[in-house]
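A look at the structure
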Amino acid sequence: MLPDTLVDNRYRIIRSLGDGGMANVYLAHDEFLNRDVTFKMMRLDMKNDLDLAKRFQREALSVTELIDDNIVQVYDVGEYQGSQYIVMEYVDGTTLKSYINEKFPIAYQQVVDIMMQILRAVQAAHDAGIIHRDLKPQNILIDKNDQVKITDFGIAIAKADQDITQAHTVIGSVHYLSPEQTRGGMASAKSDIYALGVMLYEMLTKQVPYEGDTPVAIALKHATADMPSVRDFDPRIPQALENVILKATAKKPQDRYADVSVMADDLKTVLSPRRSNEQRFAPTTDIDNETRIIPMAQIQDQLKNGVSSVNSLPEEVPEEPSIKDQIIEYGKKGYSVKNIAKIVDRTPNYVRNVLRGNGIKYRDSKLFKIVGFLALLIIVLIAIFAFIHIQASQITVPSLSNLTQAQAEKKIQDAGLNVGTVTSTTSTTVKKGSVVRSTPKEGADAKKGDNINLVISSGKAKVRFGDYVGSDYDVTAAQLRSQGYDVQKVQQASDSVASGTIIAQSVNANNKVDPTATGVTFTVSTGPIKITVPDFTKNSTQSDVQNWATQNDVTVNFNTTYSNSVKKDHVISQSIRGGSKITKDNTLLITISQGPEQSSSSSSSSSSSSSSSSSSSTSNNNDSSDVSSNSSQSESTSSR
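Because the structure is predicted, anything quoted here is derived from the model rather than measured.

Conventions used here
Residues numbered from 1 in each chain as written. Predicted model: local features only at pLDDT ≥ 70, side-chain atom pairs only at ≥ 80, totals over all residues. Heavy atoms only, no water. Pairing = 2+ DSSP bridges. Helix = DSSP H or I, 4+ residues; strand = E, 2+ residues; numbered from the N terminus. Axes fitted to C-alpha atoms, helices over the stretch in contact; angles between N-to-C directions. Contact = heavy atoms within 4.5 Å. Phe/Tyr/Trp six-rings, centres within 6.5 Å; stacked < 30°, edge-to-face > 60°. Buried < 20%, exposed > 50% of the residue type's maximum accessible area, 1.4 Å probe, protein only. Lys NZ or Arg CZ within 6 Å of the ring centre and 35° of its normal. Parallel < 35°, antiparallel > 145°, perpendicular 65-115°, else oblique. Nonpolar A, V, L, I, M, F, W, Y, C, P; charged D, E, K, R; others polar. Core = buried A, V, L, I, M, F, W, Y, C linked by side-chain atoms within 4.5 Å. Arc of directions from axis to C-beta. Salt bridge = Lys/Arg side-chain N within 4 Å of Asp/Glu carboxyl O.

1. Focus on the sheet that holds strand β7 (residues 93-95)
Judged by pairing direction, the sheet is antiparallel, and its three strands sit side by side in the order β7-β9-β10 without closing on themselves. Two strands bound the open sheet, and with one partner strand each, they are β7 and β10 (148-150). Direction aside, neighbouring strands of the sheet carry axes that sit 25 degrees apart on average. Of the strands in this sheet, β9 (140-143) and β10 are in contact with helix α3 (residues 108-127), which crosses β10 at around 35 degrees.

Rendered as C-alpha cells:
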C-alpha cells in the first residue's frame, strides 16, 4: 500500500512498519481523531483464505474485551478492496527483541520491571479467559518511556473454545513452545507461563535456551533437555532470579506457577537481600519420557507461509489386520496349520477352514514342524547375536568434568567415542581451560563412534563494574553483595549530597571485574556538616565569637546591652546553647555587655566645690551622655 493512500476516507497511510506472517503493517494517521495508529491489513495473497480471514478477525475480537495499560488496544476493524484490516494503538518504540539486542546487558532491576509489566498484561488476558499462545519478544512492544505493550493476539483462543480445537494441534513459535505442546497437548495458561520463562531467560542472556538445525530439533529439546543455567552464562545473576525461570519452564505443567499472579509475586522480590542464599529450584516430578515426532514437512510448510506454529501429530498407527487376514498371510508364507493356530490363538480346524475357503494350500506335516522349529531357532540365535553386538557397542559416557580439554579428548577417544563440537562458557567453579560439562552427559549411554560435545570453561566472567555515584548506598550494597562483591563504606559529611547517597567509589565504573574477587569501598554522605557551638557565656569576648564564626562559616548576629555583672565587650547570652550541633544554615544570636549603666548624679558629685556654671555644664554633659547611652543600648550588629 502506497504512502498517502486514504482508506475509508479516514486512515491515511504514512509508511510501512513491516510485514508479518499474514498481514502488512503500516503507520497511519486517523484523520477523524487526529492521532497516529497502527494499520494492519491482510496480505493480498491470503485474502481469499477463509481460515486465515477468520483468524485475522479473531485477533481483533480477542482483544476488544481487554482494557489494560500493557495491552495494545484495538480501535477499529474493517475491509478495504476485499482485504480485512485492523486499526490499533500505535506504540512509538521497539520490540522487546530489538530492545534486548540494543540494550544488552540489561540491569536486573530493569529486567524485573519490564517482566512485571508483561505479567500484568498476561494476567489480565487470562482473567478474561484468553490465552495468548504466541508470547515472544517480537510480540512485546516497549515505548520510549519503557512502558510495555503486548500485541498480536492473532492466535489467542478463549478457554471456552478449547474443546473445539483440533486434537494434537500446536500453535506457537518453536523457540517458546512448551513441552506439552510438542507432544500434541492442548495450550493452556501454563503454556503462556512457560513462554514467559523463556523470555525472561532471553532478557538475561540475549539468547534463547534451545537452538537446533530444524524446528523439530528445537521442539524435542523443549520436551526432553534440561533448561540451561543462566548463571553459567552470567554468575552475577541471583539464584532467586534464575529460580523464576526454572519454575516457569518446568517440563511438567504442575511444577510451574499456579498462575501468572503467583509468578509476579515471586519475581518482585528476587533482588531482595533476604533471598541472596536461596537454593536452586528443582521440580518435584520427573520429566515425561514420552516423545512424539513432529512431522518436518508440516513444520516447514507452516513456517514458509509465515505462520509461527508447528503441528505435532503422532505418527499414524495402521489398523491391526483381522484374524482371517493374518491366517491367510501366514498360509501364503507356508506356515503349518498348527503354528498358525498358535500365533493367532485359534483352533487348527478354524485355520484349515479359512485357508481352504480362500483356496490356499496348507501344510501340516511333521517335516514342516521341524523346519519351523529350525527357522525359529535361527531367529532366536540371530536376536541373541544382535543383542550381544548391541551391548558390546554400547558405551557409557565417561566423567569429564574438571579435566583439561586435552585430557577429556583423550578419555573420549580411549572410550571409543569421538570428540564433537567444543564450545566455551564462563564458570565460577571450574578453572579456565577445564571441562564444565559434556553432551551427552556423564553416565549416559552412547554407541561406539558417537560424538561427545564439550563445554570448556573460559574462566570467571568479567563484567563492567558500573557507575553507582548518586545511588542509595543500602540498596546498591545489597544488590552487589548478592552478586559476590565485597562492599565497604566510609562516611563523609556533605552540604550538597543527601544522607545515605554514594559520593564516590573506589572502583572505576568502566573496569572489567570478577564480582566474586572484587572489593569496593563507597564514600557515603552523612548529610550537611555538623558544627558544635561553644559556650561563649564563659568569659568569651565579642572578638572570640567573631573569630569562631569566621573559621566555621557560621552567621552570627550581635546586639548589646548594659550589664552590672558581665564585663564590657564580653558575652552575656547566646541563642543556641553551648554544646549543641548546628549546620551552616543556622544563625547564632549573641548579646554583648556594654558594662554598667552610668547615672547622672555620679558626674555632679565628682566635685563638690564646683561653681554654679560648672554644675550646669556637668548637668548638660550628663544629658548628652544619657542620649548616647540610650543610643548604644539599642545598637545591634551582624557578623559572619
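Now that the structure is up, let's keep going.
2. Remarks on the packing of aromatic side chains
Inspection of the entire model under this criterion finds 10 aromatic pairs. Here the aromatic rings of F465 and Y485 are separated by 5.4 Å at their centres, their planes lie at 80 degrees, and the arrangement is edge-to-face. Taken as a pair, F465 in the loop between β17 (463-464) and α16 (473-482) and Y485 in the loop between α16 and β18 (486-492) lie far apart in primary sequence, 20 residues in all. A relative accessible area of 2% places F465 in the buried class. A residue is classified by how much of its surface remains accessible, and Y485, at 6% relative accessible area, is buried. Grouping aromatic residues by their ring pairs yields a cluster made of F465, Y468, Y473, Y485 and F522. The residue whose ring lies beneath R35 is Y75, and the NZ or CZ to ring-centre distance is 3.8 Å.

3. Examining the packing of helix α12 (residues 337-344) against helix α13 (residues 348-357)
Viewed as axis vectors pointing N to C, α12 and α13 meet at an angle of 110 degrees, and their least axial separation amounts to 8 Å. Between α12 and α13, the angle falls in the class roughly perpendicular. For the pair α12 and α13, the contacting residues are V337, I340, A341 and V344 in the first and P348, V351, R352 and L355 in the second. Residue composition of the contact of α12 with α13, by class: seven nonpolar, no polar and one charged.

4. With respect to the pairing of strand β3 (residues 23-30)
Counting buried positions over the eight residues of β3 gives eight, a clear majority of the element. Side chains A23, V25, L27 and H29 of β3 all project onto a buried face; the interleaved residues N24, Y26, A28 and D30 project onto the opposite face, where all are buried too. Inspection of the sheet shows strand β2 (residues 11-19) paired to β3 by seven bridges, in the antiparallel sense. When the bridges of β3 are listed, R12 appears paired with H29. Hairpin geometry of β3 and strand β4 (residues 35-42) is characterised by an intervening segment of four residues between the two adjacent antiparallel strands and by a positive phi of about 55 degrees at N34.

5. Examining the nonpolar core
Grouped together as the largest cluster of nonpolar side chains are 55 residues, with contacts concentrated most on L96, I118, L196, M263 and L267. At the level of secondary structure, the elements contributing two or more residues to this core comprise α2 (96-103), α3, β9, β10, α5 (189-205), α6 (215-224), α8 (239-248) and α9 (260-267). Formed by 15 residues, the second largest nonpolar core is a distinct cluster that contains V533, F536, V545 and F558.

6. Some points on the pairing of β9
Side chains I140 and I142 project from β9 onto one buried face, and the interleaved L141 and D143 project onto a second face that is buried too. One ladder, built from three bridges, connects β7 with β9; its direction is antiparallel. Residue pairing in the sheet places T95 in a bridge with L141 of β9. As paired strands, β9 and β10 are joined by three bridges and run antiparallel to one another. Bridging from a neighbouring strand, I140 pairs with I150 of β10. Hairpin geometry of β9 and β10 is characterised by an intervening segment of four residues between the two adjacent antiparallel strands and by a positive phi of about 65 degrees at D146.

7. Observations regarding α9
Residues V260, M263, A264, D266 and L267 constitute the buried set of α9. Projection of α9 onto a plane perpendicular to its axis shows the buried side chains occupying an angular sector of 160 degrees, all on one side. Where α9 is buried, its residues meet α3, α5 and α8.

8. As for the pattern of salt bridges
In this structure the tally under the stated criterion is 16 salt bridges. With its nearest N and O atoms 3.2 Å apart, the salt bridge here joins R437 to D232. With R437 in strand β14 (residues 435-439) and D232 in helix α7 (residues 230-233), the pair connects residues that are 205 residues apart, well separated along the chain. Here R437 falls in the partly exposed class, since its relative accessible area comes to 35%. Overall, the relative accessible area of 28% leaves D232 in the partly exposed class. Ionic pairing is found between K268 and D265, a salt bridge with its closest N-O pair at 3.5 Å. Owing to a relative accessible area of 44%, D265 belongs among the partly exposed residues under this scheme.

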